[in-house]
Structure formats: C-alpha cells, structure tokens
Amino acid sequence: MVATAATSSFFPVAPLSLESGAKASGKPGGGGSSNLDACGVKSKSASSKGLHVKANAQAPPKINGTTVGLSPSMEGVKNEDESSSPPARTFINQLPDWSMLLAAITTIFLAAEKQWMMLDWKPRRPDMLIDPFGIGRIVQDGFVFRQNFSIRSYEIGADRTASIETLMNHLQETALNHVKTAGLLGDGFGSTPEMCKRNLIWVVTRMQVLVDRYPTWGDVVQVDTWVSSSGKNGMRRDWLVHDCKTGETLTRASSVWVMMNKQTRKLSKMPDEVRAEIGPYFVDTPPVIDEDGRKLPKLDDSTAEYIRRGLTPRWSDLDVNQHVNNVKYIGWILESAPLAILESHELSSMTLEYRRECGRDSVLQSLTAVSGASVGGLLDFGYIECQHLLRLEDGPEVVRGRTEWRPKHAKNFGKLDHIPAESA
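Among the 10 residues in helix H7 (residues 326-335), eight count as buried, and that is most of the element. Its side-chain oxygen at 2.9 Å from the backbone nitrogen of Val327, Asn325 defines the N-terminal cap of H7.

In structure tokens form, the structure reads like this:
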C-alpha cells in the first residue's frame, strides 16, 4: 500500500471513469454485488461489460483486528477529492520547474559581473605587470634586484614629500630583499649562511646619496640595487630610484660595507667561503655616484655652531643585531640643523662616514656647522653646505657627515650631476 502511494505521487496516472452509481456494501470490507480484490480495487460484475478502477483506493484500516470505517463526514470529503480530476497529462506539465534554475543562473551572472567591474584593467608599464608591490624580483640576467614602493601618507613630512629617512628605509629594504631573493639569507640580518657560521654581520662604513626630486604621497617609485666588490674585504652596493610613472631618476646612492664579528664587535676580513657565496652576484661596473674624495672635517665645541645634546636611542631604534639602525643616525644628524635651513631649503646630497656603532645605552650629541653663510642670510643663498658630527657624550665619534641643501623654490637646480661651484 505504501509503495503504491509513493509510486503514484511521482508518476501520476489519469483516473479511469468511476461508476457514479456504485453502492458500497452494507458491511465494511465485504458483501454486496461489488467485490474488492486483494489490492483493494473495486470491480463490477461481468455484466457491466467494463472495468472501473478507483484510483488510490485503499483497504479500510483495522485496529486490533477490527475493521474501522470512516465517518460520513470524512467519506464526503474523500468523495469530493476523488471527484476532482487532475489536469490532463501533457508534455509541458511534465517539464521540471525552470524558475529556480533561472534564478540561480541570474544570481551567478550578476555576481560575476560585479567582480569583473571591480577589476582594474587599465594598461600598465611592462615592468609593473609582475609583482608591483611585492618582495621584488631579480632582473638583468640575475644581477639587479628591483622593487616598487608606494609612498604612504605617514611617510611624508611637513613639505608634503617623502622624508630622507623614508628614502633610506627603501634602500635598506631592497638590499635585504635582494639577499633573500637570491637565496643567500641566513639567520642574521642580511648575513649569508657562511657568515652566520662565523658570527659575521654587515656594517656600513660609507654612504653617499644624491636626491634630484622627492616623491610625494601616492607616487610609486622603483628601486634598483646591485652589488660590486670594494677592495679586498669590502662590498659596494648601489641604488637607482625612478618614478614609475614618468621614468624620471629621483635618487642615486652608493655605499660601502664591511664585515664585523657579532661577538667581539671588531671588523673582520672576508673569508674565502663568504666570497665564494656572494662573488657570483658582483657586477663589474663603476659606482653610480662619483666618490666625493673631500675629507670630512672633525667638529668640536669650538667649531660647531649648533649642538643638540642628550640624544638617546629608543628600543624601536635597534635592529636585530642589537645596534642602532644606520637610518636613525640621519635623523639625529639633522636634529642640530638650523630651523631656518629646514624651512627654506631641502636636502639635495649627503655623505656619511660611519666610524663606530652605538647601542641601547648610548647618549649622543649632534653638532652642525654651516659653511660659507650665516643663518640670517640663508634666504639670499642658493646651495648651502653643512658639516656634521654625531658623537657619544664621552667623546668618541660615531658618524661624520656633509650635507648640501638647495632652495625649496628651485625648479631647475636639482640635477643629479650638479655640484655647487664652491663644492666642486
């Protein structure tokens, strides 16, 4: 019975003509001229010359062996349901309900269209199609490392341009990523595996930077860097910074690095094993900046015009080698620069000589002397040159430096090959 009902629900059958004048037997379940077969189908006598089948007929239910009949009201409802005929079976009403399928397809199409419109399909420069803001990539036959940076709002200063510290951080980041991408990064801060075995780290001894134009908020800059040999025990690293949109050269920088023992804090020769690691990446090219051979003078309390005392490193100023990051020294040097210069001029070039490291407990002094001009007449000058010294409070030198400044209103002065007449 259950199987019959289930089958009829999935495969509806058009009912045959029912005998309108059929009479039920006086006793439920048997008797009378009409008979019920084993399936509960009511059949008429042979004299009717036709077979009438009641659709979905069921045997009367039994409870504890006793047949239970339906009440007259329920029989009336049942006869009403039986008298209503379902629609004729056609090809159309046998098809599934397509509305749900169409709704799903429409939803998928609209979602895909929304994602498509959100994509930026504007054409880009070929060198920006790959890894625009990632860790960077090695180009030019494996010798040059290239990485792009977007200037963030927190990287600009009062002039609405990127600060010199921001540019120096970009240079340092590309140097470390170059070592990492080349597969030479050990456990140290830029140290190779062979350097780590010998407790050696890199320290910078000289840095020279020329800035033609400072990028502003939202600009995208491309930084290229490569390494070369410098003497027997040193390595030179150069950088070129371009504007990704215009291709204009913004900054050039060159530096010299040597090795120091991490435990003894003394300089070390370059081991042959380390040279074998990094030697294949050396490029035999001249420095991107001609070395400024002028000697950096030593300042003291009598020759310095401006002194800033009591400078101490914060915990965030230390790198993983537990000494002050070299970029922090630049900020300390500029602490003693006259405010009149900072307001009317911008830094165009810088030469630094790192003489010793300082740690977390160091207390420093920043000394500055302005060459060839008094601060009161700065607005009447073009380029200005300053001498700098960063020293520990008890006397030992940390960094010597020279900076050159150009007027902020200058539009045609900032050429990379331009050197003031008095500095040539």
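Now that the structure has been shown, the text picks up again.
Here the focus is the pattern of salt bridges. The final tally for this structure, using the stated rule, is 24 salt bridges. Residue Arg198 pairs with Glu273 through a salt bridge whose shortest N-O separation is 3.3 Å. Here the residue Arg198 occupies a position in the loop between helix H5 (193-197) and strand S7 (200-211), and Glu273 occupies one in helix H6 (residues 272-278), the gap between them amounting to 75 residues. For Arg198, a relative accessible area of 29% puts it in the partly exposed group. You can call Glu273 partly exposed: its relative accessible area is 39%. Glu397 is the partner of Arg400 in a salt bridge, and the nearest nitrogen-oxygen pair spans 2.8 Å. Judged by its relative accessible area of 13%, Glu397 is buried. Among the charged side chains, a network of salt bridges with common partners joins Arg206, Lys298, Glu353, Arg355, Glu397 and Arg400.

For the rest of this paragraph, the subject is the side chain of Ser254. You can see Ser254 is positioned in strand S10 (residues 249-261). Side-chain polar atoms of Ser254 contact the side chain of Asp238, separated by 2.6 Å. When neighbours within four sequence positions are excluded, Ser254 is seen to be in contact with Arg206, Met207, Gln208, Arg236, Arg237, Asp238, Trp239, Pro287, Val288 and Ile289.

Moving on: the packing of helix H4 (residues 164-181) against H7. For the pair H4 and H7, interaxial distance at closest approach is 9 Å and the crossing angle is 165°. Considering their axes alone, H4 and H7 lie roughly antiparallel with respect to each other. Note on packing geometry: the crossing formed by H4 with H7 is right-handed. For the pair H4 and H7, the contacting residues are Ile164, Glu165, Met168, Asn169 and Gln172 in the first and Asn326, Val327, Ile330, Gly331 and Leu334 in the second. A class-by-class count of the residues in the contact of H4 with H7 yields five nonpolar, four polar and one charged.

Cut-offs applied
- Residues numbered from 1 in each chain as written.
- Predicted model: local features only at pLDDT ≥ 70, side-chain atom pairs only at ≥ 80, totals over all residues.
- Heavy atoms only, no water.
- Buried < 20%, exposed > 50% of the residue type's maximum accessible area, 1.4 Å probe, protein only.
- Helix = DSSP H or I, 4+ residues; strand = E, 2+ residues; numbered from the N terminus.
- Polar contact = N/O pair within 3.5 Å; in protein donor to acceptor, adjacent residues only side chain to side chain.
- Salt bridge = Lys/Arg side-chain N within 4 Å of Asp/Glu carboxyl O.
- Contact = heavy atoms within 4.5 Å.
- Axes fitted to C-alpha atoms, helices over the stretch in contact; angles between N-to-C directions.
- Parallel < 35°, antiparallel > 145°, perpendicular 65-115°, else oblique.
- Left-handed = near helix turned anticlockwise from the far one by under 90°.
- Nonpolar A, V, L, I, M, F, W, Y, C, P; charged D, E, K, R; others polar.

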